[in-house]
Amino acid sequence: MSNDFLFASDASPVAPLPDRPDSDTPDPHSPPWLVLVADDEPEVHAVTRLALARLRFRGRPVRLLDCTSAAEAERILRDTPGIAVILLDVVMETEDAGLRLVRTIREDLGNRAVRIVLRTGQPAQVAEEDLVLAYEIDGYTAKTELTARRLFTSVVTALRAYDALDALERQLAERTRALEEATVRLNRLAVLDPLTGVWNRRRFLELAAAELARARRYGRPLTVFLLDLDGFKAVNDAHGDAAGDAVLRAVVKRMRAALRISDHVARSGGEEFVVLLPETDSAGAAVVAERVRAALAGSPIVVDDRAISVTASIGIAHWLPGEPGVEQTLHRAERALRAAKQAGRNRVERAAE
């Protein structure tokens, strides 16, 4: 093919139009737009490079990638992310190599973003209307009609479409990510106590049921203890509800520091907490409970420069193999907790087995 076959009526490259006033501020560090030229005629690559040499779109230059077959174009598309436009010859290694590649790009590669402009030296073989309807393309141009200005216009139009689609995909990804994060937050709120951040009672019972099933299956120990803050109503009455909430959060922080990583703590009432201790018998739970009690009683909690003393009574119960569920174990822990209160508070009591 001779050079006068292409760009016959307009052989000089077109000077690029300035960016639109409402376009983003050009970023000197932005990567170039990638445009793949797939054509088996060297002259086409040369004149395309000449015509687009000065093109800048939205502050970014164009970088041309060259190949001479549909197979090579497919490899480049697989290996090179972010190709915005492909200028694709219809006839290369076969009469319909370009058309087959369009199907491969859209269906096999699943690439819906890249904009495809078909170019052919034999437009009469397939009606343009049929091609546009049958193939997901963005343009179809006979090389005999292709001037530098038309090439410039085709590429800019395709880049604008690619950029708009890319922006929509980024927005969709951001909204999807925001939705996923909101879903995670909602799921956490469904299982967490909103004030203290520990498990709520419903989630605790789910965890307890799972641990109980494991303990029953493998014959392993399982213990719970209930913790109730002594005289906590007086804290709210003397210092206000906000101070009381701050004290509860501080209590949880101290409890977590004294518990083991395998222990589960939940808020079961206003100032009452329940702790699940897997792989722990009653004696081992008593050691952990005493450590928690001492952590609370050891020093006052400071809220707004006010030192607030806090103690807790704790009742422990070990799951007994004859008990059908953890509810019966919790009932025995409640009785032990009442015994701790009646014995003077700020102490740990174990349920009878």
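Conventions and cut-offs
- Residues numbered from 1 in each chain as written.
- Predicted model: local features only at pLDDT ≥ 70, side-chain atom pairs only at ≥ 80, totals over all residues.
- Heavy atoms only, no water.
- Axes fitted to C-alpha atoms, helices over the stretch in contact; angles between N-to-C directions.
- Helix = DSSP H or I, 4+ residues; strand = E, 2+ residues; numbered from the N terminus.
- Parallel < 35°, antiparallel > 145°, perpendicular 65-115°, else oblique.
- Left-handed = near helix turned anticlockwise from the far one by under 90°.
- Contact = heavy atoms within 4.5 Å.
- Nonpolar A, V, L, I, M, F, W, Y, C, P; charged D, E, K, R; others polar.
- Expected span 1.5 Å × (residues − 1).
- Buried < 20%, exposed > 50% of the residue type's maximum accessible area, 1.4 Å probe, protein only.
- Polar contact = N/O pair within 3.5 Å; in protein donor to acceptor, adjacent residues only side chain to side chain.
- Pairing = 2+ DSSP bridges.
- Right-handed = clockwise from strand over helix to strand, strands pointing away.
- Salt bridge = Lys/Arg side-chain N within 4 Å of Asp/Glu carboxyl O.
- Core = buried A, V, L, I, M, F, W, Y, C linked by side-chain atoms within 4.5 Å.

(A) Spatial organisation of the packing of helix α2 (residues 70-79) against helix α3 (residues 97-108). One way to put it is that α2 packs onto α3 with a least axis distance of 9 Å and a crossing angle of 20°. Judged by the angle between their axes, α2 and α3 are roughly parallel. Seen from above, α2 lies across α3 with right-handed handedness. Together, Ala70, Ala73, Glu74 and Leu77 of α2 and Ala97, Leu101, Thr104 and Ile105 of α3 make up the contact between the two elements. Residue classes in the contact of α2 with α3 are distributed as 6 nonpolar, 1 polar and 1 charged.

(B) Representation of the side chain of Arg106. Mapped onto the fold, Arg106 is located in helix α3. Those residues in contact with Arg106, other than ones at most four positions away along the chain, are Asn111, Arg112, Ala113, Val114, Arg115, Ile116, Glu136 and Asp138.

(C) Structural view of helix α9 (residues 282-297). Taking 1.5 Å as the rise per residue, α9 with 16 residues should run 22 Å; its terminal C-alpha atoms sit 22 Å apart, in good agreement. Taken together, the buried positions of α9 are Ser282, Ala285, Ala286, Val288, Ala289, Val292, Arg293 and Leu296. Two to three positions downstream of the cap, the backbone nitrogen of Ala283 sits 3.3 Å from a side-chain oxygen, assigning the N-cap of α9 to Asp281.

(D) Representation of the pairing of strand β5 (residues 115-120) within the structure. In terms of burial, β5 is a largely internal element, 6 of the 6 residues being buried. Burial along β5 is two-sided: the residues Arg115, Val117 and Arg119 and Ile116, Leu118 and Thr120 are all buried. Direction of pairing for strand β4 (residues 83-89) relative to β5: parallel, over a ladder of 5 bridges. Note on β5: the bridge partner recorded for Leu88 is Leu118. As for the winding sense of the linkage, the β-α-β connection from β4 through α3 to β5 is right-handed.

(E) Representation of the pattern of salt bridges. Scanning the model with the defined rule gives 26 salt bridges in all. Among the salt bridges present, the one from Asp163 reaches Arg58, with a minimum N-O distance of 2.6 Å. Here Asp163 is found in helix α5 (residues 148-191), whereas its partner Arg58 is found in the loop between β2 (56-57) and β3 (60-67), with 105 residues between them in sequence. Among the salt bridges present, the one from Arg106 reaches Glu136, with a minimum N-O distance of 3.7 Å. Taken together, the residues Arg106 in helix α3 and Glu136 in the loop between α4 (128-134) and β6 (139-142) connect sequence positions 30 residues apart.

(F) The side chain of His264, seen in detail. Position of His264 relative to the elements: it lies in strand β8 (residues 264-267). A relative accessible area of 17% places His264 in the buried class. Dropping the residues within four chain positions of it, His264 is found in contact with Trp199, Phe204, Leu207, Glu211, Val274, Val275, Leu276 and Pro278.

(G) Seen up close, the environment of Gly197. Within the fold, Gly197 resides in the loop between α5 and α6 (201-218). Relative accessible area serves as the criterion here: at 28%, Gly197 is assigned to the partly exposed category. The spatial distance from the C-alpha of Gly197 to the C-alpha of Ala266 is 8.8 Å, given a sequence separation of 69 residues.

(H) Just the pairing of strand β1 (residues 33-38), in detail. With 6 of its 6 residues buried, β1 lies for the most part within the structure. A two-sided burial pattern is seen for β1, the buried positions comprising Trp33, Val35 and Val37 on one face and Leu34, Leu36 and Ala38 on the other. For β1 and β3, the ladder comprises 6 bridges, and the chain directions are parallel. Pairing of Val37 across the sheet is with Asp66, part of β3.

(I) Spatial organisation of the packing of helix α8 (residues 241-258) against α9. The N-to-C vectors of α8 and α9 enclose an angle of 140°; their axes lie 9 Å apart at closest approach. Taken together, α8 and α9 sit at an angle that is classed as oblique. Seen along the crossing, α8 lies across α9 with a hand that is right-handed. Contacts from Val251, Arg254, Met255 and Ala258 of α8 reach α9 at Val288, Arg291, Val292, Ala295 and Leu296.

(J) Highlighting the nonpolar core. One finds Phe225, Leu227, Leu229, Val247 and Val251 to be the most contacted residues of the largest nonpolar core, which totals 32 residues. Residue assignment for this core shows that the elements contributing at least two residues are β7 (222-229), α7 (232-239), α8, β9 (272-278), α9, β10 (301-303) and β12 (312-318). For this core, the element with the most residues is α8, which contributes 7 residues. When sequence neighbours within four positions are dropped, the list of residues in contact with Val251 reads Leu229, Phe273, Leu296, Ile301 and Val310.

(K) Representation of the sheet that holds β9. Sheet architecture is open: 5 strands sit in the order β8-β9-β7-β12-β13, paired in mixed fashion. Each end of this open sheet is capped by a strand with a single partner; those strands are β8 and β13 (348-350). Pairwise comparison of adjacent strand axes, ignoring direction, gives a mean angle of 20° for this sheet. Two strands pair when backbone bridges link them, and β8 and β9 are joined in this way by 4 bridges, in the antiparallel orientation. Its bridge partner lying in β9, Ala266 is registered against Val274. Contacts between α8 and the sheet are confined to β7, β8 and β9, with β9 contributing the most and set at about 15° to the helix. In the packing of helix α10 (residues 326-342) onto the sheet, the strands contacted are β7, β9, β12 and β13, and the crossing angle to β12 comes to about 145°.

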